[in-house]
Amino acid sequence: MGTEVKTKLVKDFEELHYLADLEQSLSGSESNDNLEDASNELILTDEEVVRFQIGEVFAHVPSDEVETRIEQMKEVTSKNLGKLEEEKGSVVAQMAELKKILYGKFGNSINLEED
């Protein structure tokens, strides 16, 4: 296997590792937790109209409408999380395959393990 091919394999592994890290940071689980907290707070309130943040602005919106919007946002976030998990699985599988190839070619002279 030529040096050019080995270099490409290492580069591909680095890109996949970056994607795996990026997907993990974008997982949205914190966002989903925040939506769940907002939904719980909305249940506890007895107000007909509540303040709802839209972008950088707070608007007074009927609590029923806010509840509907929160549920829609939770659905979208859950779908996005599912897609990211699928992509992450694919990336991790590709990384495992590249690890086998690279360790086969470079042996212990290369370190592909996470710190």
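Here, residues in each chain are numbered from 1, in the same order as that chain's written sequence. Two thresholds apply to this predicted model, a pLDDT of at least 70 for residue-level local features and 80 or more for giving and counting side-chain atom pairs, whereas whole-chain, interface and lining totals are computed over all residues. Water and hydrogen atoms play no part in the side-chain values, which are based on all heavy atoms of the structure.

Undergrad: Help me get a handle on the layout of surface pockets, residues and values and all.
TA: Cavity and pocket criteria rest on a 1 Å grid covering protein atoms alone: a 1.4 Å probe that fits but cannot get out defines a cavity, protein on both sides within 12 Å along at least 5 of 7 lines defines an open pocket, and an atom within 4 Å of a point defines a lining residue. Grid points are joined across faces, edges and corners, and a volume is the space filled by probe spheres set on the points. Computed from the structure, the largest pocket encloses a volume of approximately 260 Å³. Considering the residues around the largest pocket, the lining is formed by 14 residues, among which Ala38, Arg51, Phe52, Val66 and Ile70 are closest to the centre. The helix count covers DSSP runs of H or I at least four residues long, the strand count covers runs of E at least two residues long, and both are numbered beginning at the N terminus. Those elements giving two or more residues to the lining of the largest pocket turn out to be helix H2 (29–44), strand E1 (49–54) and helix H3 (63–106). In terms of residue count, the dominant contributor to the lining of the largest pocket is H2 (six residues).

Undergrad: Can you explain the pairing of strand E2 (residues 57–62)? Please cite residues and give values.
TA: Any two strands are treated as partners once DSSP identifies two or more bridges connecting them. Pairing of E1 with E2 involves six bridges; the strand directions are antiparallel. Across the sheet, residue arginine 51 finds its bridge partner in E2, namely histidine 60. The hairpin turn running from E1 into E2, its antiparallel successor, is two residues long, and glycine 55 in that turn takes a positive phi close to 70°.

Undergrad: If you had to explain the environment of serine 90 to someone new, which residues and values would you point to?
TA: Examined against the element boundaries, serine 90 turns out to sit in helix H3. A C-alpha to C-alpha distance of 9.7 Å links serine 90 and leucine 16, two positions 74 residues apart in sequence.

Undergrad: Just give me the short version of the nonpolar core, but keep the residues and values in it.
TA: Within soluble globular proteins, side chains that are nonpolar generally end up buried alongside one another. What we call a nonpolar core is a set of buried Ala, Val, Leu, Ile, Met, Phe, Trp, Tyr and Cys residues that are connected through their side-chain atoms within 4.5 Å. Partly exposed residues are those whose accessible area sits between 20% and 50% of the maximum for their type, while under 20% is buried and over 50% is exposed, using a 1.4 Å probe and protein chains only. Counting nine residues, the largest nonpolar core consists of Leu9, Phe13, Leu16, Val91, Met95, Leu98, Leu102, Ile110 and Leu112. Ranked by residues supplied to this core, first place goes to H3 with four residues. Throughout, a contact is declared for two residues whenever any of their heavy atoms are within 4.5 Å. When sequence neighbours within four positions are dropped, the list of residues in contact with leucine 98 reads Leu9, Asp12, Phe13 and Leu16. Grouped together as the second largest cluster of nonpolar side chains are six residues, Leu42, Val50, Val61 and Ile70 included.

Undergrad: Go over H3, please, and point to the residues and values.
TA: Here H3 contains 44 residues, and its C-alpha end-to-end distance of 61 Å stays within 8% of the 64 Å for a straight helix at 1.5 Å per residue. Burial in H3 covers these residues: Ser63, Val66, Ile70, Lys74, Thr77, Leu81, Leu84, Val91, Met95, Leu98 and Leu102. How far a helix is expected to stretch is found by multiplying one less than its residue total by 1.5 Å.

Undergrad: Can you break down the pattern of salt bridges residue by residue, with the values?
TA: The rule for a salt bridge is simple: a side-chain nitrogen of Lys or Arg has to be within 4 Å of a carboxyl oxygen of Asp or Glu. Under the definition given, this model contains three salt bridges. Between lysine 74 and glutamate 36 there is a salt bridge, with the nearest N and O atoms lying 3.0 Å from each other. Of the two residues, lysine 74 sits in helix H3 while glutamate 36 sits in helix H2, which places them 38 residues apart along the sequence. Looking at glutamate 36, the relative accessible area reads 35%, which means it is partly exposed. Glutamate 65 is the salt-bridge partner of arginine 69, the closest N and O atoms lying 2.9 Å from each other. On the criterion of helical spacing, the pair formed by arginine 69 and glutamate 65 is a turn pair, its members being four residues apart in helix H3. The network of salt bridges with shared partners includes Glu36, Glu71 and Lys74.

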